[in-house]
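The lines below spell out each chain.
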Amino acid sequence: ADFCVYILRCADDTYYTGIASDVARRLTEHEGSPRGAKYLKGRGPLTLVYSEAVGDRSKAAQIEYRIKQLSRTEKEALINGSTRLCDLRTDRNSAQS
């Protein structure tokens with residue numbers, strides 16, 4: 001199955017980044033099941049603010065890691081569409097065109 005990388009906005013205005021093959025199901029797990037991420041406990045309601053299919057689990061995990069390295073401002077650029085995921089896949093130090 002294709003994996004998606006997703007970003008949730010929590011009620012305390014922090015962001016959580018994760019990967020899932022079924023984002024809707026994963027969001028439901030985060031909101032009320034013991035399988036949800038510990039970080040998200042008590043931080044609801046959660047809002048899905050970004051989701052993109054990226055391929056297999058390995059690639060999704062790499063992209064998730066990349067997103068987690070971003071500053072809040074950079075994550076917001078991704079969420080609002082001014083940065084694209086493909087812009088992140090390149091090495092950070094490469095020349096910006």
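Values in this document were obtained by computation on a predicted structure and should not be read as measured data. (Residues numbered from 1 in each chain as written. Predicted model: local features only at pLDDT ≥ 70, side-chain atom pairs only at ≥ 80, totals over all residues. Heavy atoms only, no water.)

Before going further, it helps to spend a moment on the confidence of the model for the chain. Of all residues in the chain, 91% attain a pLDDT of 70 or more, and the chain-wide mean is 90. Confidence over residues 92-97 falls short of pLDDT 50; this stretch has 3 contacts with residues more than four positions distant or in other chains. (pLDDT = per-residue confidence, 0-100. Contact = heavy atoms within 4.5 Å.)

It is a general feature of regular strands that their side chains alternate between the two faces of the sheet. Summarising burial for strand β1 (residues 3-9): 6 of the 7 residues are buried, a large majority. Direction of pairing for β1 relative to strand β3 (residues 47-55): antiparallel, over a ladder of 7 bridges. Its bridge partner being in β3, Arg9 is matched across the sheet by Thr47. One ladder, built from 6 bridges, connects β1 with strand β2 (residues 15-20); its direction is antiparallel. Within β2, the position partnered with Arg9 by the bridge is Tyr15. The antiparallel pairing of β1 with β2 creates a hairpin that spans 5 residues between the two strands, and Asp13 there sits at a positive phi of about 70°. (Buried < 20%, exposed > 50% of the residue type's maximum accessible area, 1.4 Å probe, protein only. Helix = DSSP H or I, 4+ residues; strand = E, 2+ residues; numbered from the N terminus. Pairing = 2+ DSSP bridges.)

This part is about the nonpolar core. Val5, Ile7, Ile67, Leu78 and Leu85 are the most contacted members of the largest nonpolar core, which totals 15 residues. Elements with a contribution of two residues or more to this core: β1, β2, β3, α2 (57-69) and α4 (85-88). Once residues within four sequence positions are removed from consideration, Ile7 is found in contact with Tyr15, Tyr16, Thr17, Thr47, Leu48, Val49, Tyr50, Ile67, Leu78 and Ile79. Within the second largest apolar cluster, 11 residues are counted, among which are Tyr6, Leu8, Val23 and Leu46. (Core = buried A, V, L, I, M, F, W, Y, C linked by side-chain atoms within 4.5 Å.)

Inspection of the entire model under this criterion finds 9 salt bridges. In this structure, Arg9 and Asp13 form a salt bridge, with 3.6 Å as the shortest nitrogen-oxygen distance. Judged by relative accessible area, Arg9 falls into the partly exposed class, the value being 28%. Here Glu29 ties to Arg26 by a salt bridge, and the two come within 2.7 Å at their closest N and O atoms. With Glu29 and Arg26 both in helix α1 (residues 23-32) and 3 residues apart, this pair spans about one turn of that helix. The residues Glu29 and Arg26 share a single accessibility class, namely buried. (Salt bridge = Lys/Arg side-chain N within 4 Å of Asp/Glu carboxyl O.)

Attention shifts here to the sheet that holds β3. Strand order in the open sheet formed by 3 strands is β2-β1-β3, and the pairing between neighbours is antiparallel. Looking at which strands have only one partner, the edges of the open sheet turn out to be β2 and β3. Shown here is a sheet whose adjacent strand axes are inclined to one another by a mean of 20°, direction ignored. Against the sheet, helix α3 (residues 72-79) makes contact with β1, β2 and β3, and its axis sits at roughly 55° relative to β2, the strand it touches most. (Axes fitted to C-alpha atoms, helices over the stretch in contact; angles between N-to-C directions.)

Turning next to α1. All of the buried residues in α1 are Val23, Arg26, Leu27, Glu29 and His30. Each buried residue of α1 lies within a common arc of 160° when the element is viewed along its axis, so the set occupies one face. Residues Ala24, Thr28 and Gly32 are exposed on α1 and point more than 90 degrees away from its buried face. If you follow the buried residues of α1, they end up packed against β1, β2 and β3. With a side-chain oxygen lying 3.3 Å from the backbone nitrogen of Ala24, the N-terminal cap of α1 falls on Asp22. (Arc of directions from axis to C-beta. Polar contact = N/O pair within 3.5 Å; in protein donor to acceptor, adjacent residues only side chain to side chain.)

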